[in-house]
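# Architecture and fold: a report
The residues making up each chain are set out below.
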Amino acid sequence: MSEPADLLVVGAGPAGMAAAATALAGGLRVVLVDSGAAVGGQYWRHPPAHARAAIPTDDLHHGLRGYRALCEALSAGRAAGRLELRLAHHVWSAVREDDGFAIHVVDRRRAPQETAGVLRAPKLLVATGAYDRQLPFPGWDLPGVLTVGGLQALLKGGGVAAGSRVALGGTGPFLLPVAAALASRGVEVVAVCEAAHPSAWLRHPGPLLRNPRTWAEGAGYATALARRRVRFRPRTAITGAEGGDRVTAVRIASLRPDGSPRPGTERHVEVDAVGVGWGFAPQLDLLVPLGCALTDSADGNAVVVVGGGQRTTVPGLYAAGETCGVGGAALAVGEGRLAAESVLADSGAAPAPGPKRLAGVRSAVARHRAFARALALAHPIPPAWSSWLTDETVVCRCEEVTAGAIRTARAEGGADDHRQVKQLTRAGMGWCQGRMCGPAVHCLTAGQRGYEPAERLVATPVTLGALADLDP
């Protein structure tokens, strides 16, 4: 692209792809940046292009028609010279400048060699998605214990099953497609442990009825699991994992309504892999340092505040997808389109779709947001989950800080949030910078009060060598 960009889009998942395609349709010049080797994000993850024929994974995906249409729009934009696609580029910082925004990137296409660079545009749209939210339990640091998203990524990205006898646990409907996908590849799924109960949806029937495609999809997964005789266990949790060099068994128990195990219900199940997930946590590392206002969402996460057009509280900065609240790919695509329409309007460009179509997108976004809220209320994190932990349970895996050390910091050190625990125990000072343990540490010290992520000026690890190559 020979001329300066009008818009930077960070994240090439469903939201970022839709935003870039809409902005291109409106005549803007776009730079689309993603850390992956291909567009699609986690939702539309595929094997490498050279291996797709040998590793068929289309049956693991939904919305492939929409994905391919977006890919075609992006390809047309590149051919016209109005889209610059930067794959395998990790954004480690985003800053405001007088005339817009600058993002600092590391090009890892030739890893382990890294090249640092800076990209600039007057408008910035962040669609960085989310990652698996985890709660610690005894044995969760054993090899073979993965996130549910990790299990799915192995299947979608390489056709690899992490084990031959797998147990899944946590909460939320994401457990079902992963279980069905594993079973379709010959894996023995010994149990799907759902901490909530399906009857919780009866308290929120409206959003469910207004999204028939979503609940029909869930019913399809349930039917597939029943056909393969996969045991679905409501109000049950994986409360521990056992093994030596790797996991060999899990402990599962029935739960009281508050999430504490019912005495006498614990049983051992032999496995060689485990997948656990408690929903997702928005990736806010680039938005927090830019000064975006945050708010609490129904699922307990902090999310960025946006208006009806996906504008954040920072002028010229837009957000779409899971950063605004976890709600699935259909919602992310709609938000990406709305965000790009706002960019077009604020840039003085003509809107991409007609008014009727734009109204339809707004209506769909509102419907999907209502469903996401109902989903969060029906699948909460159990309030008493910390009762599963022994004092020896590792909570911060990077720094090997135990639950006992955190409890001591609270009782004897007066710590009442994750930041004070961090100062006293080093929990959250390791490689992940508290992304995995931060919410759990906060819950152990402050209860279920809202958790706000820490401000991280460096969003992803970057070598000193790459930084040294930057122009002064």
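Right above here is the structure, for reference.
Residues numbered from 1 in each chain as written. Predicted model: local features only at pLDDT ≥ 70, side-chain atom pairs only at ≥ 80, totals over all residues. Heavy atoms only, no water.

### Notes on a positive patch on the surface
The test is simple: What makes a patch is a set of residues exposed beyond 30% relative accessible area and free of salt bridges, joined within 9 Å when like-charged and within 5 Å when nonpolar (Val, Leu, Ile, Met, Phe, Trp, Tyr). Surface accessibility follows the Shrake-Rupley procedure with a 1.4 Å probe radius. Residue values consider only the protein chains on display as shielding. What counts as a salt bridge is simple: a side-chain nitrogen of Lys or Arg found within 4 Å of a carboxyl oxygen of Asp or Glu. This count recognises Lys and Arg as positive and Asp and Glu as negative, with His and chain-terminal groups excluded. Throughout, a charge is located at the NZ atom of Lys, the CZ atom of Arg, the CG atom of Asp or the CD atom of Glu. What counts as a helix is a DSSP run of H or I of at least four residues, what counts as a strand is a run of E of at least two, and both are numbered from the N terminus. Type-normalised accessible area, obtained with a 1.4 Å probe on protein chains alone, sets the label of each residue: buried when under 20%, exposed when over 50%, and partly exposed for intermediate values.
A cluster of basic residues, Arg 203, Arg 235, Arg 256 and Arg 262, forms a positive patch on the protein surface. Turning to its location among the elements, Arg 256 is positioned in the loop between strand 14 (247-254) and strand 15 (267-270). Here Arg 256 falls in the partly exposed class, since its relative accessible area comes to 34%.

### Side note on the pairing of strand 13 (residues 236-243)
The following threshold applies: Two strands are said to pair when DSSP picks up at least two bridges between them.
Here strand 13 lies mainly inside the structure; 6 of its 8 residues are buried. In the sheet, strand 13 pairs with strand 14 via 7 bridges, with the strands oriented antiparallel. Paired with Ala 241 across the two strands is Val 250, which belongs to strand 14. The loop that links strand 13 with its antiparallel partner strand 14 comprises 3 residues.

### Focus on the packing of helix 1 (residues 14-25) against helix 2 (residues 64-79)
Note the following rule: Axis geometry follows a simple rule: fit a line to the C-alpha atoms, using only the stretch in contact for helices, then measure angles between N-to-C directions, giving values from 0 to 180 degrees. By the definition adopted for this analysis, an angle is roughly parallel if under 35 degrees, roughly antiparallel if over 145, roughly perpendicular if from 65 to 115, and oblique otherwise. Handedness of a crossing is defined here by the sense of rotation of the near helix relative to the far one, left-handed for an anticlockwise turn of less than a right angle and right-handed for a clockwise turn. Residues are treated as being in contact if the distance between any of their heavy atoms lies within 4.5 Å. When residues are grouped by polarity, Ala, Val, Leu, Ile, Met, Phe, Trp, Tyr, Cys and Pro land in nonpolar, Asp, Glu, Lys and Arg in charged, and all others, Gly among them, in polar.
Orientation of helix 1 relative to helix 2, taken along the N-to-C sense of each, is 45°, at an axis distance of 9 Å. Taken together, the axes of helix 1 and helix 2 are oblique relative to one another. Considering only the axes of helix 1 and helix 2, their crossing is left-handed. Residues Met 17, Ala 18, Ala 20, Ala 21 and Leu 24 of helix 1 form the contact with helix 2, whose own contacting residues are Tyr 67, Leu 70, Cys 71, Ala 73, Leu 74 and Gly 77. Among the residues making up the contact of helix 1 with helix 2, the classes are represented as 10 nonpolar, 1 polar and no charged.

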